[in-house]
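Here's the letter readout for the chains.
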Amino acid sequence: MREIIIISGKGGTGKTSLTGAFAHLASDKVICDLDVDAPDLHLLLQPTKERLEQFYSGHEARIDGEKCDGCGLCASLCQYGAIRENGAGFAVDPRRCEGCKVCVAFCPAAAIEFPEKHCGQWYVSATRFGPLVHAQLFPGAENSGRLVMVLKQQARELAKARGADLVLCDGAPGIGCPVISSLSGAHLAVAVTEPTPSGRHDLERVAALCRHFQTALAVIINKYDLNPDETARIVVFCQDESYPVLARLPHDPLVTKAMIQGLVVTELPESDFSRELRQAWSRIEALAGLGR
Ligand code: SF4
Ligand code: SF4
């Protein structure tokens, strides 16, 4: 089984649109949306949820008002200012609680519970391109890196159970914790970049990350025609570092047109853009060692 992840140095490069198109072109795969902080692959794939699981990570303090005698010790000990007197008694602000457990340990009335923190939900869904493993973190919830690991594990198990030979992942943008978790175990990362100085800088950072984790990297330059000089610089960078440039995709309103219809661009009638994408996907399959 191979694992391919589509990444970008920042959001808004067209990463998810291209992942959706690759999900259409790939045969025999499980799709996985690892962009857990801002998932949007579901907007293109319109999944039907078949399994729903809760995601818990870390712990949070919760004061039992029946047991609390109002001494205020917990509020004075909490370094994060998470415990306040609200008129009805002392209460924990879950957005501020870091789960350090100090208040729990020192409460003289043993009035503070310490349950697991409910951070979000994850799903296995059916889509027109095959099964999708995805998630939704609650606003402000952390530990997206751990959720990424949960999703990857589920996607791998599902692929194994179905005899699928590919897990195709939409990664998080940037170089933070979710991306690092996403890269673990991937056979190929495909970075989608735009021809701007910041796009090139972001690509260099993503490339450094892939090098560090020894993940093979290939590059797609999206909207290459908006800035031919920057495109040339990105190509030189890729040549110097031996990263294959899989495609130079033009700025094409077809992508938005497809999105408005809830489709991916390769579902529209054949175009130069979709032909270029099909070629890119063939090269991705070859680089990832699919079909050998
Ligand atoms: S330390 Fe315990 S008893 Fe005192 S205010 Fe906090 S929760 Fe209530
Ligand atoms: S667990 Fe730590 S951070 Fe959370 S309320 Fe208690 S002392 Fe504050």
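Right above here is the structure, for reference.
What comes next is a walk through the structure. (Residues numbered from 1 in each chain as written. Chains lettered and ligands numbered in written order. Predicted model: local features only at pLDDT ≥ 70, side-chain atom pairs only at ≥ 80, totals over all residues.)

1. Overview of the overall build of the protein chain
If you tally the helices and strands in the protein chain, you get 10 helices and 13 strands. Every one of the 292 residues in the protein chain was classed for burial, and the buried ones make up 45%. (Helix = DSSP H or I, 4+ residues; strand = E, 2+ residues; numbered from the N terminus. Buried ≥ 20, exposed ≤ 12 C-beta atoms within 10 Å, placed from the backbone.)

2. Description of helix 5 (residues 144–162)
Between its terminal C-alpha atoms helix 5 stretches 27 Å, which fits the 27 Å expected from 19 residues at 1.5 Å a residue. Regarding helix 5, the residues found buried are Ser144, Leu147, Val148, Leu151, Lys152, Gln154, Ala155 and Ala159. For helix 5, the angular spread of buried residues about the axis comes to 165°, placing them on one side. Exposed residues lying more than 90 degrees from the buried face of helix 5 are Gln153, Glu157, Lys160 and Ala161. (Expected span 1.5 Å × (residues − 1). Arc of directions from axis to C-beta.)

3. Topic: the nonpolar core
Counting 75 residues, the largest nonpolar core has Ile4, Cys32, Leu168, Ala189, Val190, Val219 and Ile220 as the members making the most contacts within it. If one sorts the elements of this core by residue count, helix 10 (residues 272–288) sits on top with six residues. Core analysis: the second largest hydrophobic core is formed by 13 residues, Ile63, Cys74, Ala82 and Ala111 among them. (Core = buried A, V, L, I, M, F, W, Y, C linked by C-beta atoms within 7 Å.)

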